[in-house]
Amino acid sequence: MLYPAAGIIAEYNPLHKGHIYHIEKARELCRAEAVVVVLSSNFVQRGEAALADKWTRAEMALSCGVDLALELPVTFSAHNAGVFANGAVDILAATQSVTHLSFGAENPHCLSDNIINILLEEPEAFKQSLKKNLNSGLSFVEARARAAEEAIQGSAAIFAGSNNILALSYMARIKQKKYAITPMPLLRTGSAYNSAELSEIPSAAAIRKAIKSGNMEAALDKMPAPAAAILRKKIDEGRICANDDALWKILRASLLRASPRELGGIAEISEGIEFKMKEAAISSKSFSEWLAACTSKRYPAGRIRRAAIHILLGLDHWTNRAAQRLGPPYIRVLGMNEKGRKLLHEMRERAALPIVTTYGKAARLSRYAAETARFEALACELWEELIPNGRPGEEHKRRIIIV
């Protein structure tokens, strides 16, 4: 038995030197025999198309120390921090093999049970403060941070860190569901999450920006050599999403065609923002211009971007809420090495969810599983339309990566 096993939740968009440090540290701190990553679909938590598809990012992960790569379906990956975290933690827990969850945070020693309890129990004073802050026009993230600050002094500073927010979400899900997984927070190394500086250990955002602006060699030089070689090949093949031009054309057509009522039925769209989205689409010449026109304190850019992806997918409120209530319906494998193959064999004996490798097998599990697989396949087909050398139907030809 491969025990213990460390779990990591990631996007690797793309995989950089900080990620290598995390993988190695997770193996060391957890004394792990294997490292399992749950990897975002082709649309990520920020509400953007991934630079490289999930198969390429899984290959990068396997080349840099991960043993088994699993998929986080798009109905969870292109979502707010809570939904993203819940879906990914549920998958790791369902393996019944992952014993630890390792994750980075800006303030790992400040992720207290007191803050987590407030998020889970929502005492009356917290709820009233949250409601008051929301009514004042603040975003949910800011409103929650202020409400938490009133309950526990200093907690607003914790909520200011992007990785802290995800870390708290992971820990809250483990505690809420009583999962037999030990959280292992780790101080995040390198540049800040959204930093655009191409430092020695740059953020994924900085690497993406450099590649998109034509500074490819400098960006690849900051990546681990195996991952850089894989990404270079995809760049040469025209298999990366380096701008929003194609996405904007498809999105604008969708916005112009749909009625406000139809848009109001899409996940994460409420309170009349659909009218602003439609109005802005008429005059905006680019995605960034449309995004700026729709963004406000109440609707930050991340929420608008995620809503845009949900529009393109046709992800409605009902399906979205069902997914959050039910959680992932299966465990889908993207890739593995020999150690990962052994772990997968053990998982098949004990996993709490069915393990699938094809859409057909997923679709036969249940109506909900079929819907989850349908949205995932649609997201992959949509991503193919956003890159220079898109290949319709490519997703259905893919097979598990074996290193």
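Anything mentioned here points back to the structure above.
The numbers attached to residues start from 1 for each chain and follow its sequence in the written order. Thresholds applied to this predicted model are a pLDDT of at least 70 for local features of residues and 80 or more for the giving and counting of side-chain atom pairs; totals over whole chains, interfaces and linings are not thresholded and use all residues. To obtain the side-chain values, all non-hydrogen atoms of the structure were included, while hydrogens and water were left out.

1. What about the overall build of the chain?
Right, so step 1: Helix and strand assignments follow DSSP, with helices taken as H or I runs no shorter than four residues and strands as E runs no shorter than two, numbered in order from the N terminus. Within the chain, the regular secondary structure consists of 21 helices and 8 strands.
Right, so step 2: Seen through its C-alpha atoms, the chain measures out along the principal axes to roughly 55 × 50 × 45 Å.
Right, so step 3: Partitioning the contacts of the chain with sequence separation of at least 6, the portion at a separation of at least 24 is 74%.
Right, so step 4: In the structure as shown, the chain presents an accessible area of about 17000 Å², 52% of it carried by carbon and sulfur atoms.
Right, so step 5: Two residue types count as positive, namely Lys and Arg, and two as negative, namely Asp and Glu; His and chain ends fall outside the count. Taken as the charge centre is NZ of Lys, CZ of Arg, CG of Asp or CD of Glu, depending on the residue. Taking the average place of the 53 positive charges on the side chains of the chain and the average place of its 43 negative ones, the gap between the two points comes to 3 Å. Contacts between residues were defined by any pair of non-hydrogen atoms, one from each residue, lying within 4.5 Å. Methods summary: accessible areas were calculated by the Shrake-Rupley approach with a probe of 1.4 Å, and residue burial reflects only the protein chains presented.

2. Let's talk about the nonpolar core
Right, so step 1: Among buried residues, the Ala, Val, Leu, Ile, Met, Phe, Trp, Tyr and Cys ones that are joined through side-chain atoms within 4.5 Å form a nonpolar core. Between buried and exposed lies partly exposed: a residue is buried under 20% and exposed over 50% of the maximum accessible area for its type, with that area taken using a 1.4 Å probe on protein chains only. Counting 56 residues, the largest nonpolar core has Leu-101 and Tyr-170 as the members making the most contacts within it.
Right, so step 2: A per-element tally of this core places helix α4 (residues 81-94) first, with 10 residues.
Right, so step 3: Setting aside residues up to four positions removed in sequence, Tyr-170 forms contacts with Ile-9, Phe-84, Ala-85, Val-89, Leu-101 and Phe-103.
Right, so step 4: Counting 38 residues, the second-largest nonpolar core is a separate cluster that includes Ile-8, Tyr-12, Ile-207 and Ile-240.

3. Let's talk about helix α9 (residues 162-177)
Right, so step 1: Its 16 residues place the ends of α9 23 Å apart at the C-alpha level, agreeing with the 22 Å of an ideal helix rising 1.5 Å per residue.
Right, so step 2: With 12 of its 16 residues buried, α9 lies for the most part within the structure.
Right, so step 3: Trailing α9 by a residue or two, Lys-178 shows a phi angle of about 55°, which is positive. Expected span of a helix, by definition, is 1.5 Å for each gap between consecutive residues, and there is one gap fewer than residues.

4. Some points on the packing of helix α5 (residues 113-121) against α9
Right, so step 1: Every axis corresponds to a line fitted to the C-alpha atoms, with the helix fit spanning only the stretch in contact, and the corresponding angles, defined between N-to-C directions, vary from 0 to 180 degrees. In the contact formed by α5 and α9, the axes pass within 10 Å of each other and the chain directions differ by 70°. If you check the angle between α5 and α9, you find them roughly perpendicular. Contacts between α5 and α9 involve Asp-113, Ile-115, Ile-116, Asn-117, Leu-119 and Leu-120 on the former and, on the latter, Leu-168, Met-171, Ala-172, Lys-175 and Gln-176.
Right, so step 2: Basically, the charged four are Asp, Glu, Lys and Arg, the nonpolar ten are Ala, Val, Leu, Ile, Met, Phe, Trp, Tyr, Cys and Pro, and anything else, Gly included, counts as polar. By residue class, the composition of the contact of α5 with α9 is 7 nonpolar, 2 polar and 2 charged. Our angle categories are set so that under 35 degrees counts as roughly parallel, over 145 as roughly antiparallel, 65 to 115 as roughly perpendicular, and the remainder as oblique.

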